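# Coordinates in review
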Number of protein chains: 4
Amino acid sequence: MNSERIRILITGGTFDKEYNELTGELYFKDSHIPDMLRLGRCRLDIDIRTLMMIDSLQMTDEDRQLILEHCARCAERRIVITHGTDTMEQTAAVLGRSIADKTIVLTGAMAPYAFGSSDGLFNLGTALAFVQTLPPGVYVAMNGRCFPWNSVHKNRASGVFESTV
Amino acid sequence: MNSERIRILITGGTFDKEYNELTGELYFKDSHIPDMLRLGRCRLDIDIRTLMMIDSLQMTDEDRQLILEHCARCAERRIVITHGTDTMEQTAAVLGRSIADKTIVLTGAMAPYAFGSSDGLFNLGTALAFVQTLPPGVYVAMNGRCFPWNSVHKNRASGVFESTV
Amino acid sequence: MNSERIRILITGGTFDKEYNELTGELYFKDSHIPDMLRLGRCRLDIDIRTLMMIDSLQMTDEDRQLILEHCARCAERRIVITHGTDTMEQTAAVLGRSIADKTIVLTGAMAPYAFGSSDGLFNLGTALAFVQTLPPGVYVAMNGRCFPWNSVHKNRASGVFESTV
Amino acid sequence: MNSERIRILITGGTFDKEYNELTGELYFKDSHIPDMLRLGRCRLDIDIRTLMMIDSLQMTDEDRQLILEHCARCAERRIVITHGTDTMEQTAAVLGRSIADKTIVLTGAMAPYAFGSSDGLFNLGTALAFVQTLPPGVYVAMNGRCFPWNSVHKNRASGVFESTV
């Protein structure tokens, strides 16, 4: 299908949380995305950049501007962004209002990849497929589904992403 | 995006192999697809049918006719087929020559899902995304890529699916 | 070797922590000890009791008295206690000063069993072997080693249990 | 407890089987014992030697003599041997008839460590604990239990090791 290079931008989120066995707390170290692509035997032409490694509840307007600038300026027209689920829709909205000529898919995970029962690998698979096939626009890929940026909402009681239309 | 019901047809393959600890041999028991959808927190409307549980090297012409009939007759227009990788291209060709009005995506795994380092969950994610977004046709989804049925080949030396065009 | 019934007392600790995917926090639900014994194909005669499910930093003197009473009163002479690592040596001391006629082995884990890279299954194996073979006394089994209750210390910088003699 | 160096002799067995994703067959590559000791945060003084990497059904009298010689000649008095379960009792008998002054514990696994639901880590934990605490003699450690070499039998219908006395 597509043979263009895809850019993956890493921002952190549950995807990449680790357990610190000395403090008993969750923290960020290195991203697991390269390991996950290896596990998926992925042969797409991919360029990975880590922009930040944060919980999306801590993400500021400046952080979102940084993500927006990277998306606008990079050579690739197909971009996957790994992101915490709590504010994924806000970041999607910032991108959606400004970028019209690229296909951008945000995805995340409800449980850390390192913890064994994560949806991360499944979600990364869906995001990489959606980004190859969807027309320009900004989307959120979660729960096997893909939502346009302006009609998605995370139901915090259930942890499920829903359409607002 | 799509909100149509998707049909998943299970035929076996490495995806679903298990280790028999009494004999030391690999065998098929129940499919892991329901577990994998649960792990992926998948919320698509999906109907799963197990047609057979076999190694694709054992798949006969009759088996392929059975798969073809199910694809042709089911109500769903979007179908994912889990299949052994060794003869996935043959089954795709049987379907591709006969079915023009449905989107059918075959996928599989290089290592059993139960064995811990499988590409199965990633591939299932890509297949479910491709089946929602691609136009009618028969495709093979492996290694993060999606190939039309008439231009795909498994390189047996590397275990990687390649385009023949 | 031993064919006596062994009692396992569960008190919580990192062993049994889970990830709450709605809040992003760690919490206790059910103990994983029965699953771990099943995974280990364990055929020992074991009776499991959950006394509490807490982080050992929250353990009070009353909690320790409760553990002591259970150890003193139960019919079994061989007891394994799963416990958070942070205050394991304090609980071991409370038991060690009072109980002389039973073999009691405390063990724990540096990472939650549910998180994939835990030492829990290894430690449970060592604890169950030590409790079958050691003479009456109170011990801590961590890092493949077994320490008498009055000569063990957790090095918090390294996360390793060390002998104080 | 014990602070002597322990020798681990690797002979292969289910413990160390891998899945070859190009052929779909099980095979031996490198031993997982070092990874397992790391996962167990093991701090025992251990020296590991790989003697062979074979299925124990293929083990010959010459192979068993090689194991016997290593056990007899090595400096360590405490030895753990990882071994396929099918003929573990035969090897234990060869060692038990010849060696009286060392503590030797054979252990194995019913499912490969690499496959995710293995008893290997649990069994390795029990073997390392038994080898530190038992008097000289040759033993088999499986299912949480430890059997003297001359009173153990693998029940092939159930996959469980049983006492013959």
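Up top is the structure these notes are about.
Residues numbered from 1 in each chain as written. Chains lettered and ligands numbered in written order. Predicted model: local features only at pLDDT ≥ 70, side-chain atom pairs only at ≥ 80, totals over all residues. Heavy atoms only, no water.

### As for the overall build of chain A
The cut-off we apply is this: Under the DSSP-based scheme used, a helix requires at least four consecutive residues in state H or I and a strand at least two consecutive residues in state E, with every element numbered from the N terminus. We take the radius of gyration over the C-alpha atoms and set the globule estimate at 2.2 Å times the residue count to the 0.38 power. The classification of residues rests on relative accessible area computed with a 1.4 Å probe and restricted to protein chains. Under 20% of the type maximum is buried, over 50% is exposed, and intermediate values are partly exposed. Here a residue-residue contact requires only that any non-hydrogen atoms of the pair lie within 4.5 Å. For the area figures, the Shrake-Rupley method with a 1.4 Å probe applies, and any residue is considered shielded solely by the protein chains shown. In this charge count, Lys and Arg are treated as positive and Asp and Glu as negative; neither His nor the chain ends contribute. Think of each charge as sitting on NZ of Lys, CZ of Arg, CG of Asp or CD of Glu.
Helices and strands together make up the secondary structure of chain A, namely four helices and ten strands. Computed over the C-alpha atoms, the radius of gyration of chain A is 15 Å, within 12% of the 15 Å expected from 2.2 N^0.38 for a compact globule of 165 residues. In terms of overall dimensions, chain A has a C-alpha envelope of 45 × 35 × 30 Å along the principal axes. Considering chain A as a whole, with its 165 residues, one finds that 61% of them fall into the buried category. Within chain A, contacts between residues separated by at least 24 positions form 64% of all contacts whose residues are at least 6 apart in sequence. As presented, chain A carries roughly 6,300 Å² of accessible surface, and 46% of it is formed by carbon and sulfur atoms. Here chain A contributes 17 positively and 20 negatively charged side chains, and the mean placements of these two sets differ by 6 Å.

### So, the relation of the copies chain A and chain B
To keep things clear, this is the line we draw: Copy-to-copy superposition: least squares on the C-alpha atoms, limited to residues that have pLDDT of at least 70 in both copies.
Mapping chain A onto chain B is achieved by rotating through 180 degrees and translating by 0.0 Å along the same axis, at an RMSD of 0.0 Å. As the rotation angle and translation indicate, the two copies are arranged about a two-fold axis. A share of 100% of interface residues in chain A that are also interface residues in chain B marks the association as one of identical surfaces.

### Describing helix H4 (residues 120-133) of chain D
Heads up, the condition is: Every helix has an expected span of 1.5 Å times one less than the residues it contains.
The end-to-end C-alpha distance of H4 of chain D is 20 Å, a good match for the 20 Å that 14 residues give at a rise of 1.5 Å each. Of all the 14 residues making up H4 of chain D, 14 are buried; the element is thus mostly covered by neighbouring parts of the structure.

### Here's the deal with the pairing of strand S7 (residues 137-142) of chain A
A regular strand places its side chains so that they alternate between the two faces of the sheet. Residues and elements named next belong to chain A. Formally: Note on pairing: DSSP must find at least two bridges between two strands before they are called paired.
A large share of S7 lies buried, amounting to six of its six residues. Neither face of S7 is open: one carries Gly 137, Tyr 139 and Ala 141, the other Val 138, Val 140 and Met 142, and all of them are buried. Alignment of strand S6 (residues 103-107) against S7, held across five bridges, turns out to be parallel. The partner of Thr 103 across the bridge, within S7, is Gly 137.

### Notes on the sheet that holds strand S8 (residues 145-148) of chain B
Residue and element names in this part refer to chain B. Going by this rule: Axis definition: a line fitted to C-alpha atoms, limited for helices to the stretch in contact. Angles are taken between N-to-C directions and run from 0 to 180 degrees.
Taken together, the six strands give an open sheet; going across it, the order is S4-S1-S5-S6-S7-S8, and neighbouring strands pair in mixed fashion. Strand pairing shows two members of the sheet lacking a second neighbour, strand S4 (46-54) and S8, which therefore form its edges. On average, each strand axis in the sheet is inclined to that of its neighbour by 20 degrees, with strand direction left out of account. Along the sheet, helix H2 (residues 61-73) makes contact with strand S1 (6-12), S4, strand S5 (78-82) and strand S6 (103-107), crossing S4 at roughly 170 degrees.

### Quick look at the relation of the copies chain C and chain D
In this arrangement, two copies of a chain are superimposed by a rotation about an axis accompanied by a shift along the axis. Rotating chain C by 180 degrees about the axis while translating it 0.0 Å along that axis superimposes it on chain D, leaving an RMSD of 0.0 Å. Interface residue correspondence from chain C to chain D reaches 100%, placing this contact among same-surface, isologous pairings.

### Section: the environment of Gly 125 of chain A
In this structure, Gly 125 of chain A sits in helix H4 (residues 120-133). Residue classification places Gly 125 of chain A among the buried positions, given a relative accessible area of 0%. Separated by 22 residues in the primary sequence, Gly 125 of chain A and Phe 147 of chain A have C-alpha atoms spaced 16 Å apart. Each residue touching Gly 125 of chain A, except ones within four places of it in the same chain, is listed here: Phe 122, Gly 125 and Thr 126 of chain B.

### What to know about the interface of chain A and chain B
For the record, the criterion: Using a 1.4 Å probe, buried area is obtained as the accessible area two parts lose upon being combined, added over both of them. Basic side-chain nitrogens of Lys or Arg form a salt bridge, by our definition, when they fall within 4 Å of a carboxyl oxygen of Asp or Glu. Each polar contact in these results corresponds to two N or O atoms within 3.5 Å; when the atoms are within protein, one needs to be able to donate a hydrogen and the other to accept it, and residues that are neighboring in sequence are counted only if both atoms are side-chain atoms.
Residue-level contacts link 31 residues of chain A with 31 residues of chain B. Of the roughly 2,700 Å² buried at the junction of chain A and chain B (both faces included), carbon and sulfur atoms supply 66%. For the pair chain A and chain B, the number of links is zero salt bridges. Here chain A and chain B share eleven residue pairs in polar contact (both at pLDDT 80 or more) between them. Within the residue set of the side of chain A that touches chain B, elements represented by two or more residues are H4 and strand S8 (145-148) of chain A. Among the elements that make up the side of chain A that touches chain B, the one with the highest residue count is H4 of chain A (eleven residues).

### Focus on the packing of aromatic side chains
This is how it is decided: Each aromatic pair joins two rings of Phe, Tyr and Trp (for Trp, the six-membered one) with centres within 6.5 Å, and gets the label stacked for planes under 30 degrees apart, edge-to-face for over 60, and tilted for any other angle.
Counted under the stated rule, the structure contains six aromatic pairs over all chains. With a centroid separation of 5.7 Å and an interplanar angle of 80 degrees, the aromatic rings of Tyr 19 of chain B and Phe 115 of chain D are classed as edge-to-face. Note that Tyr 19 of chain B is positioned in strand S2 (residues 17-20) and Phe 115 of chain D in the loop between strand S6 (103-107) and H4, a pairing that runs across two chains. This pair shows no difference in class: Tyr 19 of chain B is buried, exactly as Phe 115 of chain D is. Among the aromatic side chains, those forming a connected cluster through ring pairs are Tyr 19 and Phe 115 of chain A together with Tyr 19 and Phe 115 of chain C.

### Focus on the interface of chain C and chain D
Selection criterion: We call Asp, Glu, Lys and Arg charged. Ala, Val, Leu, Ile, Met, Phe, Trp, Tyr, Cys and Pro are nonpolar, and the rest, Gly among them, are polar.
Facing the 31 residues of chain C at the interface are 31 residues of chain D. Where chain C packs against chain D, one counts zero salt bridges. At the boundary of chain C with chain D, the tally comes to eleven residue pairs in polar contact (both at pLDDT 80 or more). Sorting the residues of the side of chain C that touches chain D by element identifies helix H4 (120-133) and strand S8 (145-148) of chain C as the ones contributing at least two each. Grouping the amino acids of the side of chain C that touches chain D by side-chain chemistry returns 17 nonpolar, ten polar and four charged.

Shape is all these values report; function is a separate question.
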